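# Observations on the model geometry
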Amino acid sequence: MMRFENQVAIVTGAGRGIGHAIALRLASEGARVASVSRSEKTSQSTAEEINRTRVDAARAYAVDVVDHAAVQACGAQILADFGRIDILVNNAGVTRDGLSMRMSVEDWDTVLDTNLKGAFSFTQAVMRSMIKQRSGRIINISSIAGLTGNAGQANYAASKAGLIGLTKSLARELASRSITVNAIAPGFITTDMTGVLPDQIKEAILAKIPLGKFGESEDIAAAVAFLAAPEAKFITGQVLTVDGGMVM
Ligand code: NAP
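Below is a short write-up of the structure. Bear in mind the structure is a predicted one, so any value in this text is a computation, not a measurement.

Reading the values: rules and limits
- Residues numbered from 1 in each chain as written.
- Predicted model: local features only at pLDDT ≥ 70, side-chain atom pairs only at ≥ 80, totals over all residues.
- Heavy atoms only, no water.
- Near = heavy atom within 4 Å.
- Polar contact = N/O pair within 3.5 Å; in protein donor to acceptor, adjacent residues only side chain to side chain.
- Areas by Shrake-Rupley, 256 points an atom, 1.4 Å probe, with all protein chains shown as cover.
- Core = buried A, V, L, I, M, F, W, Y, C linked by side-chain atoms within 4.5 Å.
- Buried < 20%, exposed > 50% of the residue type's maximum accessible area, 1.4 Å probe, protein only.
- Helix = DSSP H or I, 4+ residues; strand = E, 2+ residues; numbered from the N terminus.
- Contact = heavy atoms within 4.5 Å.
- Pairing = 2+ DSSP bridges.
- Axes fitted to C-alpha atoms, helices over the stretch in contact; angles between N-to-C directions.
- Right-handed = clockwise from strand over helix to strand, strands pointing away.

Near the ligand there are 30 residues, and of these Ser39, Thr42, Asn91, Tyr156 and Thr191 occur at the shortest range. One of the backbone nitrogen or oxygen atoms of Arg38 is found 3.2 Å away from an oxygen atom of the ligand. Residue Ile189 places a main-chain N or O atom 2.8 Å away from an oxygen atom belonging to the ligand. The protein chains hide 95% of the 900 Å² of surface that the ligand would expose on its own.

Once that is clear, we can look at the nonpolar core. Membership of the largest hydrophobic core comes to 31 residues, with the highest contact counts inside it found for Ile22, Leu26 and Ile184. Secondary-structure elements contributing two or more residues to this core are β1 (8-12), α1 (17-28), α2 (40-53), β4 (87-90), β5 (136-141) and α9 (217-228). A total of seven residues in this core trace back to one element, the largest contributor, which is α9. Excluding its chain neighbours within four sequence positions, the residues that come into contact with Leu26 are Phe4, Ala9, Val11, Ala31, Ile87, Val89 and Ala225. Membership of the second largest hydrophobic core comes to 28 residues, among which are Ile85, Ala119, Met127 and Leu174.

Right, let's talk about the sheet that holds strand β7 (residues 239-242) for a bit. An order of β3-β2-β1-β4-β5-β6-β7 is seen for the seven strands of this open sheet, with the pairing classed as parallel. Edge strands, defined here as strands with exactly one partner in the open sheet, are β3 (58-62) and β7. Neighbour to neighbour, the strand axes of the sheet diverge by 15 degrees on average, direction disregarded. In this sheet, β5 lies alongside β4 in parallel orientation, the contact comprising four bridges. Residue pairing across strands places Leu88 opposite Ile138, the latter belonging to β5. Most of the contacts of α2 go to β3, to which it runs at about 175 degrees, and overall it touches β2 (32-37) and β3. Packing of helix α4 (residues 105-133) onto the sheet brings it into contact with β1, β2, β4, β5 and β6 (179-186), and relative to β4 it is tilted by some 175 degrees.

Okay, the pairing of β5 next. Of all six residues making up β5, six are buried, and the element is well covered by its neighbours. Because side chains alternate across β5, one face comprises the buried residues Gly136, Ile138 and Asn140, and the other comprises Arg137, Ile139 and Ile141, equally buried. Handedness of the crossover joining β4 and β5 through α4: right-handed. Across six bridges, the pairing between β5 and β6 is parallel. In the sheet register, Ile139 faces β6, and the bridge partner there is Asn182.

With that out of the way, let us pick up the environment of Glu106. By the secondary structure assignment, Glu106 is in helix α4. Here the alpha-carbon distance between Glu106 and Gly75, two residues 31 residues apart in the chain, equals 27 Å.

Written out as structure tokens, the structure is:
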């Protein structure tokens, strides 16, 4: 079923991991995709992968989401290239883990600026066009760390909890224009981000997941497709947890 035919989706952090799976999933259901990541290499490889199955369905944009002015320019370029923007998935994110006692203010700023301010900046870059067309879907990739907190991740958990506040506020601001804004809180998903964790920590996490396995990027992509679809038009301001039952 081509649920996203004639729709344009922006996916940040589309170069790898969860964002890559989201970009492929939306494209597989007919969306044209703006593949955004920090590096040209990864944003392009995702766009090329999509274009191999459908000519001209994707374009690549390399932008640092921390740079507010660059993000505004990128949003304007995407609008000029595609003519409309229907779906924005704020997925770009980083970790800089460490106990608060020793955390550098640089690590605090990098995580907050990327994960939280980056989502705000990209939303500002697209909301005017969504308001004009009186439709749109904004989906922010939060984390269960934003719901429960996590020792060693004060910066990351704060950024992900902040995304939930951003989501609910935007949902209220944009509801009258039929734009929905929701968040997804993934649990432990196997990607580069989690690949660096020591085996001991992975085993401790696994023991806490009722479904007994780690998630895959495609599990998050499926939740994004659900919230982005026309049928989800009455869902806004929500946080959908996709974590194998870890938090309930
Ligand atoms: P990942 O494999 O590390 O990929 C992160 C992507 O974000 C990359 O494409 C990267 O670009 C992009 N990115 C990072 N900083 C950026 C910046 N400043 N500007 C533009 N793009 C930037 O991470 P992931 O595991 O797929 O995670 C994706 C999202 O899900 C993140 O927000 C993460 O917090 C969230 N999440 C992940 C998990 C998990 O278990 N994996 C759990 C909960 C939430 P480059 O390719 O150019 O480096």
